[in-house]
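Now for the letters of each chain:
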Amino acid sequence: MIQVSGSAEDICDFFLILFLYFQKRGSLITMLKSNLSNLIMSNVNIEKVQNILGNTPVLRIFFKLGSQALIDYRYPTHIFIETTRACNLKCTFCSRNVEHSESGHMDFDLFKSIVDEATSFGRKNFGLHLLGEPLLYPRIVEAIQYIKNANSNHAILLTTNGYLLDDFKAKKILENNVDKIVFSVFSLRSERTKTLTGSSNISKVIDNIKNMVALKKRMHSKTNIYMRFMICEENKDELQQVQSLTKDLGILLEARYTHNFSGVIEDNYISNKQTDKKRYPCYHPWFSPAITWDGKIVLCCNDWNYAETLGDMRETTLASVWGGERLKQLRRYHLAEEYNKIPLCAKCNVWSLHPDIFFGIQKKHKLK
């Protein structure tokens, strides 16, 4: 039992507990958090918000409260759907190159059933990628259209390496109001790109981005276009050049560090930096599970080998898994800092890419 003795710390803790209680209850609150999370997903540069609020001591409390206000315990806020595990590149910092995993495209009836269930819980956010290149999915345009036809306010995030973005796909992406398209880039230099991804044709990607920017202007589209620069030891000297390029193109920039895919990639930027951050709970168990191309429900988008499989969409529902005992236990492990009890999380360093969204009292008493 938590006592409220009257000290400033205890009073803050008391109001935090009230906040946690009320944020889980009430249809109006549920609707508001759904709409707000959708708005943030669609129109906010999340990386910039995290850096400003999450890493600024004075503002951190508001970032944590705001983040937790968006948690929905009935159904996840964001769902990663692996439309395909096929890929046209061989990036050195991807788990695909460490151990072979079976590749395939998601059955479209399975895809529709996932979207239908999510739609029954209101506006949701969908990321149509995991370990594959989504533009290789034969029915990617239909998939986008199906989501938007189910609920035009659903938000779609499309992350791509950009090589396969022809004029037809670009037009369809903009026509169907994809909210955010992110082009992942490792280098602007051909030889370095060849070393890091297996392809030296980075000029094709830049041309495809330019074409999409021009098409967006002609169509008066509201789709947000980002370049995600994946920083590693080999390319960190290019950041300023990338910043200049995105400014010239009129697109947004996300600069992210390469991570270790749950410990399987030893040579990654975060590990090489030897960050001295004290580990804190990852946000994934509260926000964004993933569904693999063959229907497995896994804990997060970094579960490349199904290490924490929570269910199968052919046998159960995502809602039942989201409110199930296993996921509740995983959340308790995170709050208690018992990461070694979860093989997927034990050696992972993805958590350090995002600010801590939990308060000390929550970790101490496992309040969520």
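Heads up: the structure comes first, above all this text.
Below, the structure is looked at part by part. What you see is a predicted model, and the numbers here were worked out from it, not measured in a lab. Residue positions are given per chain, counted from 1 along the sequence in the order it is written. Whole-chain, interface and lining totals are the exception, using all residues; otherwise, since this is a predicted model, local features are given only for residues with pLDDT of at least 70 and side-chain atom pairs are given and counted only at 80 or more. Excluding hydrogens and water, the side-chain figures rest on all heavy atoms present in the structure.

## Concerning the sheet that holds strand 2 (residues 125–127)
Inference 1: Note on pairing: two strands pair once DSSP finds at least 2 bridges between them. The helix and strand labels rest on DSSP assignments: H or I over at least four residues marks a helix, E over at least two residues marks a strand, and numbering proceeds from the N terminus. Pairing is mixed in the open sheet, where 9 strands are placed in the order 6-5-4-3-2-1-7-8-9. Looking at the sheet topology across the chains shown, the edges are occupied by strand 6 (252–257) and strand 9 (309–312).
Inference 2: In the sheet, strand 7 (residues 290–291) pairs with strand 8 (residues 296–298) via 2 bridges, with the strands oriented antiparallel. Looking across to strand 8, one finds that Ile291 is bridged to Ile297.
Inference 3: Across the sheet, helix 5 (residues 108–119) is in contact with strand 1 (78–81), strand 2 and strand 7; its angle to strand 1 comes to roughly 180°.
Inference 4: With respect to the sheet, helix 9 (residues 202–219) is in contact with strand 4 (180–185) and strand 5 (224–231), its orientation differing from that of strand 5 by roughly 155°. For this analysis, residues touch if any pair of their heavy atoms sits within 4.5 Å. Axis geometry follows a simple rule: fit a line to the C-alpha atoms, using only the stretch in contact for helices, then measure angles between N-to-C directions, giving values from 0 to 180 degrees.

## Details of the side chain of Glu308
Inference 1: Its place among the elements puts Glu308 in the loop between strand 8 and strand 9.
Inference 2: Polar contacts, as used here, are pairs of N or O atoms within 3.5 Å; protein pairs need one atom able to donate a hydrogen and one able to accept it. Residues neighboring in sequence count only if both atoms are side-chain atoms. Reaching out from Glu308, the side chain makes a polar contact with the side chain of Arg326 at a distance of 3.0 Å.
Inference 3: Apart from residues no more than four positions distant in its own chain, Glu308 is found in contact with Ile297, Val298, Leu299, Asp303, Arg326, Leu330, Ile342 and Leu344.

## What about unusual backbone geometry?
Inference 1: Although it is not a glycine, Tyr306 adopts a positive phi angle of roughly 60°.
Inference 2: Mapped onto the elements of the fold, Tyr306 is located in the loop between strand 8 and strand 9.
Inference 3: A positive phi angle is found at Glu337, which is not glycine, with a value near 60°.
Inference 4: Mapped onto the fold, Glu337 is located in the loop between helix 14 (325–335) and helix 15 (343–346).

## What to know about the packing of aromatic side chains
Inference 1: Within 6.5 Å between ring centres, the rings of Phe, Tyr and Trp (the latter by its six-membered ring) count as paired, and their orientation is classed by plane angle as stacked under 30 degrees, edge-to-face over 60, tilted in between. Considering all chains together, one arrives at 8 aromatic pairs under this definition.
Inference 2: Seen in terms of ring centroids, Phe93 and Phe186 are 6.2 Å apart; in terms of plane orientation they differ by 10°. Their pairing is stacked. Of this pair, Phe93 sits in the loop between strand 1 and helix 5 while Phe186 sits in the loop between strand 4 and helix 8 (190–197), and the two are 93 residues apart along the sequence.
Inference 3: Pairing Tyr283 with Phe287 gives two aromatic rings, centres 6.1 Å apart and planes at 55°, and the pair type is tilted.

The values reported here are purely geometric and, on their own, carry no functional implication.
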